[in-house]
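Architecture and fold: a report
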Amino acid sequence: MTVRLSYENGTIRVDAGGSAGADGTGTDRIPPLPGVEDDPRSGTARAPAYRYAAIRRALSVAGVSVEDRVLADRPSGGDDDLALSTDYDLREYQADALAAWHDADDRGVLELPTGAGKTVIAIRAMVDLGVPTLVVVPTIDLLDQWERELDTEFDVPIGRFGGGEQRQEPITVSTYDSAYLKAEDVGDDFAFVVFDEVHHLGGEGYQDIARLLAAPARLGLTATFERPDGGHETVAELVGERVYALDVDDLAGDHLAPYDIRRMEVELTPEERERYEAKQGTFVGYLRESGITFTSGEDYRKLVMRSGNDPRAREALLAKSAAREIMMNAERKIERLADLLDRHREDRVIVFTAHTELVYRLSERFLIPAITAETGAKERREILERFRDGTYSRVVAANVLDEGVDVPDANVAVVLSGSGSEREFTQRLGRVLRPKDDGGRAILYELVSAETAEERVAGRRR
DNA sequence: TTGACTCAACATCCTTTGCTACAA
DNA sequence: TTGTAGGTTTCCATGTTGAGTCA
């Protein structure tokens, strides 16, 4: 018996070759295959495309002969294997990471800190496999960076999905958004897919990108694999398990700058304290009265749902939000920031906050260029360029510089306020860890309002 | 080509206690 | 007596991004 595999709209179609089975599906003699189910509408059996590699393996184990048309139906007829080469030499840990990935059948996630050279490993993997490859990235900025990098490294045209262009080549870079829109059409055109910042793939909609692609070889890159919502388990199913992990401390002092984290507590002013306690009291009081207890973030979502038709729940959430704003934007943090900026007059400083309004206040008060979501692409480029060439020695930003932006190196970071997200914290720290020419240490200051919920928030992210 | 706009998607959003009704 | 679920079929607010549309 021969089983025929082909790609159809994001699925792998499975037909028993030659004669159809008695039930008309043509699948009655096929051994059980991972993810394959009967599809009565088309009278065949099929599985989500991401199961392709597992199906191949199962058929091989069962000793079934296979007529595989999945990747062969590409425009080029499958004859487009690429002769790629690279001049990059991998560092020892990069080579170890790549070897671990190959050992896992060319699947899996590498968790390495920002600045560890994840791109280089991916390029080497592309050279090793020499097959059509799709690279998926979260932002236009990263799209540009990858395109430049691949263009310099390889002697083949680089395709691009995103930022207003839809140009496909054997090696193509795409945003997650464009990949989501095109995955069904191009799902059988690539034998290898690289997901940069792969934690994004845990998002509800983005998961479909990986499901619709047939590419048997899959590489995920991230600095922070685990997601608070457990989405990394889905990522592991779609891309492969985490096969190699290093954290910042494994590389600090060697390939990354040595660093110190200094937490500084500031007191709320009496007026802030009064407002904070009132707002926080409204929130906690509501929880107590309505018998709501928190064991996880899930419970918070339930409260949010409840607020849709319970005015008191809504009032409690608004009070919580106001309390958060008071502790995060405390007046004495700004005074402390003034001291720090004074102390680090000779250094390159990035100030991070959680609220845009505070960014503009700090920008006015200290005459520092500001970057928020409202800052246009052109202006943002100019500010970062001047920060890079030394015209500016400090920048204040909301959450925009956390990820996916090529930020010039700094050696001091001041986190005025942030979420409890471990990812956000790791990314912010990563902004000061590029090795210094003089071998100097990087410093991250974390300003926390004493005796507020912020102490717990700050504890959660570390 | 650029810029302004809208829209959709994603991420974070959290407390220190122990009620009430119902099923097994 | 003990164990368990708890509004049903999302979304209080803010920040950020990419895609698409239109002038």
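So, how was this worked out
- Residues numbered from 1 in each chain as written.
- Chains lettered and ligands numbered in written order.
- Predicted model: local features only at pLDDT ≥ 70, side-chain atom pairs only at ≥ 80, totals over all residues.
- Heavy atoms only, no water.
- Near = heavy atom within 4 Å.
- Polar contact = N/O pair within 3.5 Å; in protein donor to acceptor, adjacent residues only side chain to side chain.
- Helix = DSSP H or I, 4+ residues; strand = E, 2+ residues; numbered from the N terminus.
- Nonpolar A, V, L, I, M, F, W, Y, C, P; charged D, E, K, R; others polar.
- Domains from an automatic or database assignment.
- Contact = heavy atoms within 4.5 Å.
- Buried area = accessible area lost by both parts, 1.4 Å probe.
- Salt bridge = Lys/Arg side-chain N within 4 Å of Asp/Glu carboxyl O.
- Buried < 20%, exposed > 50% of the residue type's maximum accessible area, 1.4 Å probe, protein only.
- Pairing = 2+ DSSP bridges.
- UniProt positions renumbered as here; feature names shortened; annotations may be inferred.
- Axes fitted to C-alpha atoms, helices over the stretch in contact; angles between N-to-C directions.
- Parallel < 35°, antiparallel > 145°, perpendicular 65-115°, else oblique.
- Left-handed = near helix turned anticlockwise from the far one by under 90°.
- 1 Å grid on protein atoms, 1.4 Å probe; cavity = no way out; pocket = protein on both sides within 12 Å on 5 of 7 lines; lining within 4 Å.
- Points joined across faces, edges and corners; volume = space filled by probe spheres on them.
- Patch = residues over 30% accessible without salt bridge, like charges linked within 9 Å, V, L, I, M, F, W, Y side chains within 5 Å.
- Areas by Shrake-Rupley, 256 points an atom, 1.4 Å probe, with all protein chains shown as cover.

Around DNA strand B, a shell composed of 22 residues is seen, among which Gly205, Arg227, Arg324, Gly420 and Arg456 lie nearest. In DNA strand B, the atoms that sit within 4 Å of the protein are 72% sugar and phosphate, with bases accounting for the remainder. Note that a phosphate oxygen of DNA strand B is positioned 3.2 Å from one of the side-chain N or O atoms of lysine 320. Interatomic distance of 2.7 Å between a backbone N/O atom of glycine 420 and a phosphate oxygen of DNA strand B. Secondary structure elements with two or more residues in the surface near DNA strand B: α9 (270-289), α10 (297-307), α11 (311-328) and α16 (454-460).

Moving on to the protein's contact with DNA strand C. In the region of DNA strand C, 25 residues are neighbours, and Thr139, Ile140, Ser178, Ala398 and Asn399 sit closest. The sugar-phosphate share of atoms of DNA strand C within 4 Å of the protein amounts to 82%. With respect to DNA strand C, the side chain of threonine 356 contributes an N or O atom lying 2.9 Å from a phosphate oxygen. Within the backbone of alanine 373, an N or O atom sits 3.2 Å from a phosphate oxygen of DNA strand C. Elements supplying a minimum of two residues to the surface near DNA strand C: α5 (176-186), α10 and α11. Taken together, the residues that form the surface near DNA strand C break down as 10 nonpolar, 11 polar and 4 charged.

Segmentation of chain A into domains returns domain 1 (2-68), domain 2 (92-246), domain 3 (259-267 + 330-460) and domain 4 (270-328). Each partner contributes to the interface: domain 2 provides 13 residues, whereas domain 3 provides 8 residues. Both sides of the domain 2 and domain 3 interface together cover about 820 Å² of buried area, and 47% of this is carbon and sulfur. Area buried by domain 2 at its contact with domain 3 is led by Thr114, Asp141 and Thr224, which between them contribute 47% of it. Our count for the domain 2 to domain 3 interface comes out at 0 salt bridges. Linking domain 2 with domain 3 are 2 residue pairs in polar contact (both at pLDDT 80 or more).

Now for the pairing of strand β10 (residues 171-175). In terms of burial, β10 is largely enclosed, as 5 of its 5 residues are buried. The alternating pattern of β10 places Ile171, Val173 and Thr175 on one face and Thr172 and Ser174 on the opposite face, and all of these are buried. Sheet analysis places strand β7 (residues 133-137) next to β10, joined by 5 bridges and oriented parallel. Across the sheet, valine 137 pairs through a bridge with threonine 175, a residue of β10. Sheet topology places strand β8 (residues 158-162) next to β10; 4 bridges connect them, and they run parallel. Looking at the pairing, phenylalanine 161 lines up with serine 174 of β10.

Turning to the UniProt feature "domain: Helicase ATP-binding" (unreviewed entry) in chain A, a few remarks are in order. Mapped onto the present numbering, the UniProt feature "domain: Helicase ATP-binding" (unreviewed entry) falls on residues 99-243. Within residues 99-243, the helical portion is 39% and the strand portion 25%, while the C-alpha atoms at the span's ends are 10 Å from each other.

So, about the packing of helix α2 (residues 92-103) against helix α3 (residues 118-129). Contact geometry of α2 with α3 gives a least axis separation of 10 Å together with a crossing angle of 45 degrees. Comparing the axis directions of α2 and α3 gives the class oblique. Crossing of α2 against α3: the hand is right-handed. Each of Gln94, Ala97, Leu98, Trp101 and His102 in α2 lies in contact with α3, whose residues at this interface are Val120, Ile121, Arg124, Ala125, Asp128 and Leu129. Residues that form the contact of α2 with α3 fall into these classes: 7 nonpolar, 2 polar and 2 charged.

Turning our eyes to something else, we now look at the layout of surface pockets. Empty space within the largest pocket amounts to approximately 1,600 Å³. Considering the residues around the largest pocket, the lining is formed by 44 residues, among which Pro228, Gly420, Ser421, Glu422 and Arg460 are closest to the centre. Looking at the lining of the largest pocket, the elements with two or more residues in it are α8 (248-251), β14 (259-266), α9, α10, α11, α15 (422-430) and α16. The leading source of residues in the lining of the largest pocket is α15, at 5 residues. Class assignment of the residues belonging to the lining of the largest pocket gives a composition of 18 nonpolar, 9 polar and 17 charged. One number sums up the size of the second largest pocket: a volume of about 1,000 Å³. Together, 36 residues line the second largest pocket, and Thr114, Gly115, Thr119, Gln145 and Arg434 are the ones closest to its centre. At the level of secondary structure, the elements contributing two or more residues to the lining of the second largest pocket comprise α3, α4 (140-153) and α15.

What follows deals with unusual backbone geometry. Residues other than glycine seldom take positive phi values, yet aspartate 106 does so here, at roughly 60 degrees. Mapped onto the secondary structure, aspartate 106 falls in the loop between α2 and β6 (107-111). Despite not being glycine, leucine 367 shows a phi value in the positive range, around 55 degrees. Summarising the element assignment, leucine 367 is placed in the loop between α13 (356-366) and β16 (370-371).

Let us look at a nonpolar patch on the surface. Among the surface-exposed residues, Phe294, Tyr300 and Val304 lie close enough to one another that they form a single nonpolar patch of about 230 Å² accessible area. Positionally, valine 304 belongs in helix α10.

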